[in-house]
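If you want the building blocks of each chain, they are given just below.
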Amino acid sequence: ITPLKVRPVDLISKGIDTEGQVGQFSIHSYVYNTCTPESTDKATIENLLNHTQIVSFADQEVGPSAEATREHGKPWVMGEFNSIACSGKPGVSDTFTQALWTIDTELTYAAMNASSVNLHQGATLVLQSDKQTNTPGFSTYSFVYPRDSEKHGEARANPVFSGLLFLTEVF
């Protein structure tokens, strides 16, 4: 959550697309984060499995921009999202919880008429936050851990891969 007013709901009302030059509007959003120790405490299995919290977050943080974009006649995209910003949280976003959270959240955004969703994957960013609790490596929420590591074990598909397979069958 940022105090900057740069979401589609804010930009559209300020006339960002007065000449029809915008093809689609994108929203980036994470429910939780490990960017600071205080935020890390909220990134729990219990919170990720709370469907009411998932829907409430989507309604409050994503819904206004999605609605403004649709009313403006343009598609809206979840340009980047995942459960826990600053590369996830070991012991939470690398468990089956992440698979269930992914299913629930992607279906929630589908019900909100997202044109597409882009579940963020990949390596962590060094010094993403000066208070980041994760150290550089691969994000724990990614669908694969691509190489052997002394710290995280063998290369493997992470639990979220199962969630993505389930969604593939659903869609």
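Here the structure is a predicted model, which is why all the values come from computation and not from measurement.

## A word on the environment of N113
Then step 1. Among the structural elements, N113 can be located in the loop between α5 (96–111) and β3 (116–119).
Then step 2. When the C-alpha atoms of N113 and E71 are compared, they prove to be 12 Å apart, with 42 residues separating the residues in sequence.
Then step 3. Filtering out sequence-adjacent residues up to four positions away, N113 remains in contact with R70 and W76.

## A word on the environment of S13
Then step 1. Position of S13 among the secondary structure elements: in helix α1 (residues 8–13).
Then step 2. Assessed through its relative accessible area of 58%, S13 is described here as exposed.
Then step 3. As a C-alpha pair, S13 and A58 span 45 residues in sequence and 20 Å in three-dimensional space.
Then step 4. At 3.3 Å, the side chain of S13 forms a polar contact with the backbone oxygen of V9.

## Some details on the state of the cysteines
Then step 1. Per the stated rule, a full pass over the model turns up one disulfide.
Then step 2. C35 shares a disulfide with C86; S-S distance 1.8 Å. Handedness here is read from the sign of the S-S torsion; for C35 and C86, about 95°, the answer is right-handed. With C35 in the loop between β1 (25–33) and α2 (37–40) and C86 in the loop between β2 (76–85) and α5, the pair connects residues that are 51 residues apart, well separated along the chain. The pair C35 / C86 is uniform in exposure class, with both members buried.

## So, unusual backbone geometry
Then step 1. Despite not being glycine, S87 shows a phi value in the positive range, around 80°.
Then step 2. Here S87 lies in the loop between β2 and α5.
Then step 3. Given a relative accessible area of 4%, S87 falls into the buried group.
Then step 4. A positive phi is found at N113, a non-glycine position, where the angle reads about 70°.

Conventions used here
Residues numbered from 1 in each chain as written. Predicted model: local features only at pLDDT ≥ 70, side-chain atom pairs only at ≥ 80, totals over all residues. Heavy atoms only, no water. Helix = DSSP H or I, 4+ residues; strand = E, 2+ residues; numbered from the N terminus. Contact = heavy atoms within 4.5 Å. Buried < 20%, exposed > 50% of the residue type's maximum accessible area, 1.4 Å probe, protein only. Polar contact = N/O pair within 3.5 Å; in protein donor to acceptor, adjacent residues only side chain to side chain. Disulfide = S-S within 2.5 Å.

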